[in-house]
Amino acid sequence: MAKDKTIYTCSECGGTSPKWLGKCPHCNAWNTLEETRADTGPAKNRMQALTRGLNAPQPVATLSHIEAADIARTPTGIEELDRVLGGGIVTGGVILIGGDPGIGKSTLLLQALDALSRQMPVLYVTGEESGAQVAMRAQRLGLDGSKVRVQAEIQLENIIATLEAEQPSFCVIDSIQTIYSDQLTSAPGSVAQVRECAAHLTRVAKSSGCTMVLVGHVTKEGALAGPRVLEHIVDTVLYFEGETHSSFRLVRAIKNRFGAVNEIGVFAMTDKGLKGVSNPSAIFLSTHDEPVPGSVVMVTLEGTRPLLVEIQALVDSGGPSPRRLSVGLERDRLAMLLAVLHRHAGMACGDQDVFVNAVGGVRISEPAADLAVLLAIQSSLRGKPLPKGFFAFGEVGLAGEIRPAPRGQERLKEAAKLGFSIAVVPKANAPKKPIEGLTIHAVDRVEQAVDLARSL
């Protein structure tokens, strides 16, 4: 009997090698090649078997002659989810949503399915739970579920047949790592199965006009498991973020062909499921009765949404090797800001421990937080609090200059709306017309900002 031919597939990039190697020749990752059986026989025609005539050649058209109609969006009934998606779901769109186990992916999608079922046919395909388990969750969340169709299935061919029979307008596949195709010999969750199943489901979504949501597992680093091509073939990639000790969850758009990227939706986990938070700035601001040293509020921009976040700094006498620790901000950026503060404002922290924290577990990646971090450090070092209603934003350069932050007017208006009254901003962000209730101090050097903070 002929021996089955084996190949070695990289779990990172999906590249193949005829023999085992320590390092993948395609992506140079170490110890990622896994032995799998080579596809033989029917695999040669598997595309024809699954696409069922969808591979017909498409006509060529001139770009200027193609009618560019506005994309019709259907609201999901969950306002924060609609914000992240860019206004609602799009016909034929494919959404990939990932996040840690137990963070609330299935809960949120079941809530969205129930809300959408009142206006369109919906289907929930679960590969990880039985129908009874889904029903138990719906009962616990207090959902009606009378129009939600559920199928517990992991075979791709059966799922595609169900899609053709049910003709849903919105379908959730939970999760893509559990689905397998008979046309491939590898196990469910392998690189080949995930790639092929996602590609076929995407093709079905585009041809039928059904909006498809694929739930994806994540690796221990937090990235979506499976080949990176999974993120390329879908229209929208959403990440569920949140700390296990906190009831708040963030849904962030990493890629969106129909809306803004880095848009976030904020949810609170309750006993009745995930509820949208209409004023997320309240989460990220501490409730001090009186101002305290080392605390500065900044306005960060998440997609199109300005958020007020409190930055806290603690400067304490360190030992022979002082520590630099930041939570929610980049540690290398903190070291750079301390050097700028010493060189241009004459404030030395070389023998001090410096701790910086963004309140509420939010992660700030934009450089507009620089000025707020710098002023929080100087406030903690002097032991003097900044006045009530104070906030700041701006990027700090190595030469000591303060650069403008994008969309400064929106940041200022958001802070004024929430009752803040004193602002220190880059000179280029100073508004031409005064904003009611807001005293704005425009600065263009670090020295000016520090001197101004001392005088306030």
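In this text the structure is predicted, and so the values were computed from the model without any measurement.

### Some points on the environment of Ile-154
Okay, so step 1: For Ile-154, the location among the structural elements is in the loop between strand 8 (148-152) and helix 5 (156-166).
Okay, so step 2: The partly exposed category is assigned to Ile-154, whose relative accessible area is 32%.
Okay, so step 3: Taking the C-alpha atoms as reference points, Ile-154 and Thr-219, 65 residues apart in sequence, are found 21 Å from one another.
Okay, so step 4: The residues contacting Ile-154, other than those within four sequence positions of it, are Gly-127, Ile-159, Thr-178, Ile-179 and Tyr-180.

### Some words on the sheet that holds strand 10 (residues 211-216)
Okay, so step 1: With mixed pairing, 9 strands are arranged side by side in an open sheet as 8-7-9-10-6-11-12-13-14. Each edge of the open sheet carries a strand with a single partner, namely strand 8 and strand 14 (273-276). On average, each strand axis in the sheet is tilted by 25° relative to the strand beside it, whichever way the strands run.

### Quick notes on helix 9 (residues 370-382)
Okay, so step 1: With 13 residues, helix 9 should reach 18 Å at 1.5 Å per residue; the first-to-last C-alpha distance of 19 Å fits that figure.
Okay, so step 2: Of all 13 residues that make up helix 9, 11 are buried, and the element is covered over most of its length.
Okay, so step 3: Taken residue by residue, helix 9 has Asp-370, Leu-371, Ala-372, Val-373, Leu-374, Leu-375, Ala-376, Ile-377, Gln-378, Ser-379 and Ser-380 as its buried positions.
Okay, so step 4: Gly-383 sits one or two positions beyond helix 9 and adopts a positive phi of about 75°.

### Brief notes about the packing of aromatic side chains
Okay, so step 1: This structure, assessed with the given rule, holds 1 aromatic pair.
Okay, so step 2: Between the aromatic rings of Phe-391 and Phe-420, the centroid separation amounts to 6.1 Å while the plane-to-plane angle is 85°, which identifies the pairing as edge-to-face. With Phe-391 in strand 19 (residues 390-392) and Phe-420 in the loop between helix 10 (408-417) and strand 22 (422-426), this residue pair connects regions lying 29 residues apart in the sequence.
Okay, so step 3: Note on Phe-391: relative accessible area 0%, which makes it buried.
Okay, so step 4: Of the residues examined, Phe-420 reaches a relative accessible area of 13% and is grouped as buried.
Okay, so step 5: For the cation-ring pair, Arg-411 lies above Phe-393, with the distance from its terminal atom to the ring centre recorded as 5.5 Å.

### Observations regarding the pattern of salt bridges
Okay, so step 1: Counting across every chain of the model gives 20 salt bridges.
Okay, so step 2: The salt bridge partner of Arg-363 is Glu-241, with a shortest N-O separation of 3.8 Å. Taken as a pair, Arg-363 in the loop between strand 18 (352-358) and helix 9 and Glu-241 in strand 11 (residues 236-241) lie far apart in primary sequence, 122 residues in all.
Okay, so step 3: Residue classification places Glu-241 among the buried residues on the basis of a relative accessible area of 19%.
Okay, so step 4: Across the pair Glu-401 and Arg-403 runs a salt bridge whose closest N-O atoms are separated by 2.8 Å.
Okay, so step 5: Classification of Arg-403 as partly exposed rests on a relative accessible area of 40%.
Okay, so step 6: Salt bridges sharing common partners tie together Arg-333, Asp-370, Glu-395, Glu-401 and Arg-403.

### Examining helix 5
Okay, so step 1: Among all positions of helix 5, only Leu-156, Glu-157, Ile-159, Ile-160, Thr-162 and Leu-163 are buried.
Okay, so step 2: Two residues or fewer after helix 5 comes Gln-167, characterised by a positive phi angle close to 50°.

### Examining unusual backbone geometry
Okay, so step 1: Cis geometry marks the peptide bond from Asp-174 to Ser-175; its omega dihedral reads 5°.
Okay, so step 2: With respect to the helices and strands, Ser-175 occurs in the loop between strand 9 (170-174) and helix 6 (191-208).
Okay, so step 3: Here Asn-31, not a glycine, exhibits a phi torsion of approximately 55°, which is positive.
Okay, so step 4: Given the relative accessible area of 60%, Asn-31 is considered exposed.
Okay, so step 5: In this structure, Gln-167 is a non-glycine residue whose phi angle is positive, near 50°.
Okay, so step 6: Tracing the backbone shows Gln-167 in the loop between helix 5 and strand 9.

### Some remarks on the environment of Gly-276
Okay, so step 1: Note on placement: Gly-276 falls in strand 14.
Okay, so step 2: With residues up to four places along the chain from it excluded, the contact list for Gly-276 reads Glu-80, Val-266 and Phe-267.

### What about the packing of helix 8 (residues 331-345) against helix 11 (residues 446-455)?
Okay, so step 1: Packing of helix 8 against helix 11 brings their axes to within 9 Å, and their N-to-C directions diverge by 85°. With respect to helix 11, the axis of helix 8 lies roughly perpendicular. Along the contact surface, helix 8 presents Val-340, Leu-341, His-344 and Ala-345, while helix 11 presents Val-446, Glu-447 and Val-450.

Cut-offs used in this document
Residues numbered from 1 in each chain as written. Predicted model: local features only at pLDDT ≥ 70, side-chain atom pairs only at ≥ 80, totals over all residues. Heavy atoms only, no water. Helix = DSSP H or I, 4+ residues; strand = E, 2+ residues; numbered from the N terminus. Buried < 20%, exposed > 50% of the residue type's maximum accessible area, 1.4 Å probe, protein only. Contact = heavy atoms within 4.5 Å. Pairing = 2+ DSSP bridges. Axes fitted to C-alpha atoms, helices over the stretch in contact; angles between N-to-C directions. Expected span 1.5 Å × (residues − 1). Phe/Tyr/Trp six-rings, centres within 6.5 Å; stacked < 30°, edge-to-face > 60°. Lys NZ or Arg CZ within 6 Å of the ring centre and 35° of its normal. Salt bridge = Lys/Arg side-chain N within 4 Å of Asp/Glu carboxyl O. Parallel < 35°, antiparallel > 145°, perpendicular 65-115°, else oblique.

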